[in-house]
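# Structure assessment
The chain contents come next:
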Amino acid sequence: MPQELNDLRALKALAQPRRQQMLQHLTVHGPATSATLARALGLNTGATSYHLRELARYGFVEGAPGSGHGRERWWRLVPGDRRFPPRSRQSAETRLVMDELNHHAYAADLELFERLQQETGGAEAGEWADAFPYSRGTMRLTVPELREFFEEYIALLNRYKRSDADTPPGARTVLTRFLAFPTPTPAPAPDEAAADNRKETETS
């Protein structure tokens, strides 16, 4: 069931750059301890522990049962279909937070993709070097059709999701990103804009 993230405090917690990095690490590498995240991100364990507690407060991460050794605590992502409020319903402050969150997320995705390109440059990459698809396309849709298209995309992702126990040997975590947006409204040609201005002046 989709869950809308309309709590500004939760959005602010999610938009924090270090927390974005930690969530990305948990997504790519699976459960980790605060010490593991600290080493990976160049932080101290006090900082990672604090950020993990804040993420857990809003339901983004949780303790991973059965992974701890002694007092060591492991953390994992909380799965779910989380969605952001439509832009038309976002306050000015929420829009600023969302813009910051998207900025960090897009930059992190691009960095990961560039790293993948470097890693798959040699023969040792094997069949995975040719296994990631890339597509750019255009469609002419109404707003209801675009919403329907998105729900079908989410349903397709859910078809392929499975637990660790059901994952076959040789499978890897595959990151998927979906971005669809209408083309910007064309600006009027200079001569048309000048004509409109003259018309407004004449009739005012």
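Rules used throughout
Residues numbered from 1 in each chain as written. Predicted model: local features only at pLDDT ≥ 70, side-chain atom pairs only at ≥ 80, totals over all residues. Heavy atoms only, no water. Pairing = 2+ DSSP bridges. Helix = DSSP H or I, 4+ residues; strand = E, 2+ residues; numbered from the N terminus. Contact = heavy atoms within 4.5 Å. Axes fitted to C-alpha atoms, helices over the stretch in contact; angles between N-to-C directions. Core = buried A, V, L, I, M, F, W, Y, C linked by side-chain atoms within 4.5 Å. Buried < 20%, exposed > 50% of the residue type's maximum accessible area, 1.4 Å probe, protein only. Salt bridge = Lys/Arg side-chain N within 4 Å of Asp/Glu carboxyl O.

### A closer look at the sheet that holds strand E3 (residues 61-63)
Across the sheet, three strands lie side by side as E2-E4-E3; this open sheet has antiparallel pairing. Edge positions in the sheet fall to strand E2 (32-33) and E3, since each of these pairs with one other strand and no more. Judged from the two bridges that link them, E2 and strand E4 (residues 74-77) form a sheet pairing that is antiparallel. Paired with Thr33 across the strands is Trp74, a residue of E4. Helix H2 (residues 17-29) contacts E2, E3 and E4 of the sheet and is inclined by roughly 85 degrees relative to E4.

### Looking at the nonpolar core
Ranked by internal contacts, the top residues of the largest apolar core, which has 19 residues, are Leu14, Leu23, Leu37, Leu52, Phe60 and Val61. Every element with two or more residues in this core is listed here: helix H1 (8-15), H2, helix H3 (34-41), helix H4 (45-57) and helix H5 (92-119). By residue number, the principal contributor to this core is H1, which donates four residues. In this structure Val61 touches Leu23, Leu26, Leu52, Leu55, Ala56, Trp75, Arg76, Leu77 and Val78, once residues within four positions along its chain are discounted.

### Side note on the pattern of salt bridges
Scanning all chains against the criterion turns up nine salt bridges. Between Asp7 and Arg9 there is a salt bridge, and its shortest N-O distance comes to 3.2 Å. With a relative accessible area of 27%, Asp7 lands in the partly exposed category. What makes Arg9 exposed here is its relative accessible area of 56%. In this structure, Glu93 engages Lys12 in a salt bridge whose closest nitrogen and oxygen atoms are separated by 2.8 Å. Remark: Lys12 occurs in helix H1 and Glu93 occurs in helix H5; sequence separation between them is 81 residues. Residue Glu93 is classed as partly exposed on the basis of its relative accessible area of 41%. A relative accessible area of 42% means that Lys12 is categorised as partly exposed. Beyond isolated ion pairs, a larger network of salt bridges with shared partners links Asp81, Arg83 and Glu151.

The values are spatial; any link to function lies outside them.
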